[in-house]
Amino acid sequence: QVQLAESGGGLVQAGGSLRLSCQASGRTFSSYTMGWFRQAPGKEREFVAAIYRYGGRTSYADFVGGRFTISRDNAKNTVFLQMNSLKAEDTAGYYCAVDPRGTWAISMTPSGYAYWGQGTQVTVSS
């Protein structure tokens with residue numbers, strides 16, 4: 001069982017930045033691929049970014065367009081999502097998730113992740 005706790009969300013003006021953090025429990029954090037998803041009201045949860053279990057390889061949704069950066073600090077069991085040039089359409093609840101399977105492929109679908117945090121709200125005003 002892995003527990004996740006996101007933080008760093010808030011209200012920001014369009015064009016601004018936020019840095020989300022996700023702290024994970026457990027002693028095998030470095031062996032997990034970590035992902036960030038988001039969900040806006042009335043919409044399905046969608047993939048934002050993911051980072052391979054030992055770092056180095058990353059994957060991003062097309063809409064990110066170079067604005068977001070995912071990173072991890074395995075010594076602190078933490079994954080980050082740096083979000084720059086935020087837009088009103090980025091407004092959503094942001095969730096981190098764990099893929100514990102140890103596969104080479106980075107999953108871009110919610111079904112590939114077994115553990116989820118409670119989420120942190122990001123609101124971008126235009």
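Residues numbered from 1 in each chain as written. Predicted model: local features only at pLDDT ≥ 70, side-chain atom pairs only at ≥ 80, totals over all residues. Heavy atoms only, no water.

So, the overall build of the protein chain
Here's step 1: Along the backbone of the protein chain there are 0 helices and 11 strands.
Here's step 2: Ordered by position in the sequence, the α and β elements of the protein chain form the string β-β-β-β-β-β-β-β-β-β-β.
Here's step 3: A compact globule built from 126 residues should have a C-alpha radius of gyration of about 14 Å, and the protein chain, at 13 Å, falls within 12% of that.
Here's step 4: Overall, the protein chain is about 40 × 25 × 25 Å in size when its C-alpha atoms are taken along their principal axes.
Here's step 5: The buried share of the protein chain, reckoned over its 126 residues, is 46%.
Here's step 6: Taking the contacts inside the protein chain whose residues are at least 6 apart along the sequence as the reference set, 58% of them involve residues at least 24 apart.
Here's step 7: Here the protein chain has roughly 6,300 Å² of accessible surface; of this, 47% comes from carbon and sulfur atoms.
Here's step 8: Across the protein chain, the centroid of the 12 positively charged side chains sits 7 Å from that of the 8 negatively charged ones. (Helix = DSSP H or I, 4+ residues; strand = E, 2+ residues; numbered from the N terminus. Rg over C-alpha atoms; globule rule 2.2 N^0.38 Å. Buried < 20%, exposed > 50% of the residue type's maximum accessible area, 1.4 Å probe, protein only. Contact = heavy atoms within 4.5 Å. Areas by Shrake-Rupley, 256 points an atom, 1.4 Å probe, with all protein chains shown as cover. Lys, Arg positive; Asp, Glu negative; His and termini not counted. Charge placed at Lys NZ, Arg CZ, Asp CG, Glu CD.)

Points about the environment of Lys87
Here's step 1: For Lys87, the location among the structural elements is in the loop between β8 (78-83) and β9 (92-99).
Here's step 2: Along the backbone, Lys87 and Gly15 are 72 residues apart, and their C-alpha atoms lie at a distance of 6.4 Å.
Here's step 3: Once residues lying within four places of it in the same chain are set aside, the contact partners of Lys87 are Arg67 and Val124.

Details of the packing of aromatic side chains
Here's step 1: For the structure on display, the rule yields 5 aromatic pairs.
Here's step 2: One cation-aromatic arrangement involves Arg19 over Phe80; the distance from NZ or CZ to the ring centre is 3.9 Å.
Here's step 3: Above the ring of Tyr95, the side-chain terminus of Arg45 is found at 3.9 Å from the ring centroid. (Phe/Tyr/Trp six-rings, centres within 6.5 Å; stacked < 30°, edge-to-face > 60°. Lys NZ or Arg CZ within 6 Å of the ring centre and 35° of its normal.)

All quantities given are derived from atomic positions and should not be read as evidence of function.
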